[in-house]
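For reference, the chains in residue letters:
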Amino acid sequence: MNINLPHFNMKNLVKEAGSTISRVVQLTEERLGTTERTEYDLHFQNLAERADVTKTWTEKLVKDTESVLIPNPQNRVEDYIFEKIDKSRPKRLSNLEHLALDMIEAGGDFGQDLPYGQALIKVGQAEQKLGQCEHDFIATSGICFTQPLRKFLEGEMKTISKERGILDSKRLDLDACKNRVKKARSMLGQQSKDGISPEAALEQAERDLRVAQAEFDRQSEITKLLLDGISTSQASHLRHLHAFIQTQVRYYKQCGDVMENLQRELANLGGPTPYIPLDLNNASANTSSATVGPSATRGPGNNNSSSQASSGHRPTNQPMHVNTDQMQRARVLCSYDAKDHTELNLNANEVIFVTECSPVNEDYMYAKQGLMKGLVPRAFVEMLDEEHDVTL
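Here we summarise the structure given alongside this text. What you see is a predicted model; the values in this text were computed from it and never measured. (Residues numbered from 1 in each chain as written. Predicted model: local features only at pLDDT ≥ 70, side-chain atom pairs only at ≥ 80, totals over all residues. Heavy atoms only, no water.)

**Here we look at the overall build of the protein**
Phase 1 of the analysis: Helices and strands together make up the secondary structure of the protein, namely seven helices and eight strands.
Phase 2 of the analysis: Counting every position in the protein, which comprises 392 residues, the buried fraction comes to 31%.
Phase 3 of the analysis: Across the protein, the fraction of contacts at a sequence separation of at least 24, relative to all contacts at a separation of at least 6, is 71%.
Phase 4 of the analysis: As displayed, the protein has an accessible area near 25,300 Å², and 55% of this comes from carbon and sulfur atoms. (Helix = DSSP H or I, 4+ residues; strand = E, 2+ residues; numbered from the N terminus. Buried < 20%, exposed > 50% of the residue type's maximum accessible area, 1.4 Å probe, protein only. Contact = heavy atoms within 4.5 Å. Areas by Shrake-Rupley, 256 points an atom, 1.4 Å probe, with all protein chains shown as cover.)

Structure representation (structure tokens):
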């Protein structure tokens, strides 16, 4: 029976084993501090440090970006496995799309002709569009940002790490040869050992040293060239970062357009409780105005007195600024139901803090009711300490 055995070159095998043992001995002596080691030049050390920093932060950026794009860690693992086996990723519904389907189904059960059912269906359809925008954003971000960075880590950085490992081995060989030369010189003048004269041993050690020095220098230049390429890689990463930001801008713009269309559709539905669109263009100008919702609790009192409110104009169509540093105590004369989210519900005889709007409005004041803030009709409050301001 013929058995094909793999062909081994015993001479090379013994040589590699000897080199490995020599490196282990050299490294052990370096760790113990019993021998000297060849230090890399300052330029090489700076390049190596920059490569290490680049690798560390690139790995973190890729991991963090993937966590933002795909929050579920199990889904990230599945996607990574499918990518490695060259198969398409499974199609999953996002949380937005699950919410959309439930809203649409609930709207149909509640009644498509009823205001709540109609609103649920409209919102569900908008959530579906947001979910599709999210899918497109995740896919595009992977192509333009995370995949190029991961390719850099798995390609260029792995090559650099491999060449740096080879360089470390060459350095250990070089230092081992230096020690052998030093030892051979110390043996000069002594008797021959194992039939080899000290002069012949020194000559062989110096010859090995020259070969090790040449191999170390050559590997050092190769590694330096690769490390210098980090600058080019970072310039490429900057372009990928710009592409990622552009993708984000487009994504949020698409989401904004979807929500603007949804606001118009909800406002057009009308009904007993019509939707009031939020004007984002004036939101920044109204940050100091009364935008907090009405009070969550209601006390006893006459709740039908809201019809007695002044018929003056409320300051809701133009930017309003108030000074909340100085406010005065006021007693509520009678209960009042807020007309919208800019007003506060009032209970008879409760004490609140009020101040003037800027510009001053003849019908409304700005009030603070516990943690709630909003507008109250001037006719429904009575000032308690007009002469003494209260600092909040």
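On we go from here.
**Section: the nonpolar core**
Nonpolar side chains tend to gather and get buried jointly when the protein is soluble and globular.
Phase 1 of the analysis: Counting 36 residues, the largest nonpolar core has F44, M157, L227 and I230 as the members making the most contacts within it.
Phase 2 of the analysis: Mapped by element, the contributors of at least two residues to this core are α2 (42-69), α5 (115-186), α6 (198-228) and α7 (230-269).
Phase 3 of the analysis: Of the residues forming this core, the biggest block, 17 residues, is contributed by α5.
Phase 4 of the analysis: Not counting residues within four places of it along the chain, the set of residues in contact with I230 comprises R50, A51, T54, F152, E156, M157 and I160.
Phase 5 of the analysis: L344, V354, F380 and V381 belong to the second largest nonpolar core, which has 17 residues in total. (Core = buried A, V, L, I, M, F, W, Y, C linked by side-chain atoms within 4.5 Å.)

**What to know about the side chain of S233**
Phase 1 of the analysis: Within the secondary structure, S233 sits in helix α7.
Phase 2 of the analysis: Those residues within four positions of S233 in sequence are excluded, and the remaining contacts are F152 and E156.

**A few points about α5**
Phase 1 of the analysis: Its 72 residues place the ends of α5 100 Å apart at the C-alpha level, agreeing with the 106 Å of an ideal helix rising 1.5 Å per residue.
Phase 2 of the analysis: Its maximal kink placed at G142, α5 deviates by approximately 50 degrees. (Expected span 1.5 Å × (residues − 1). Bend = angle between axes of the 7 residues up to and from the residue.)

**Thoughts on the packing of α2 against α5**
Phase 1 of the analysis: Running from N to C, α2 and α5 point in directions that differ by 150 degrees, and their axes come no closer than 10 Å. Our classification of the angle between α2 and α5 gives roughly antiparallel. Taken as a pair, α2 and α5 cross one another with a handedness that is left-handed. Across the interface between the two elements, F44, A48, A51, D52, T54, K55, T58, E59, V62, T65, E66 and L69 from α2 touch F137, I138, S141, F145, T146, L149, R150, F152, L153, M157, R164 and L167 from α5.
Phase 2 of the analysis: Class assignment of the residues belonging to the contact of α2 with α5 gives a composition of 13 nonpolar, five polar and six charged. (Axes fitted to C-alpha atoms, helices over the stretch in contact; angles between N-to-C directions. Parallel < 35°, antiparallel > 145°, perpendicular 65-115°, else oblique. Left-handed = near helix turned anticlockwise from the far one by under 90°. Nonpolar A, V, L, I, M, F, W, Y, C, P; charged D, E, K, R; others polar.)

**Some thoughts on helix α4 (residues 95-110)**
Phase 1 of the analysis: In this model α4 runs 22 Å from its N-terminal to its C-terminal C-alpha over 16 residues, within 8% of the 22 Å that 1.5 Å per residue would give.
Phase 2 of the analysis: All of the buried residues in α4 are E97, A100, M103 and G107. Take α4 and look down its axis: the buried residues cluster within an arc of 120 degrees, on one side only. Away from its buried face, by an angle of more than 90 degrees, α4 presents the exposed residues N95, D102, E105 and D109.
Phase 3 of the analysis: Where the residues of α4 are buried, they touch α5.
Phase 4 of the analysis: After α4 finishes, the residue G111 shows a positive phi value of roughly 120 degrees. (Arc of directions from axis to C-beta.)

Any functional reading would require information that these geometric values do not contain.
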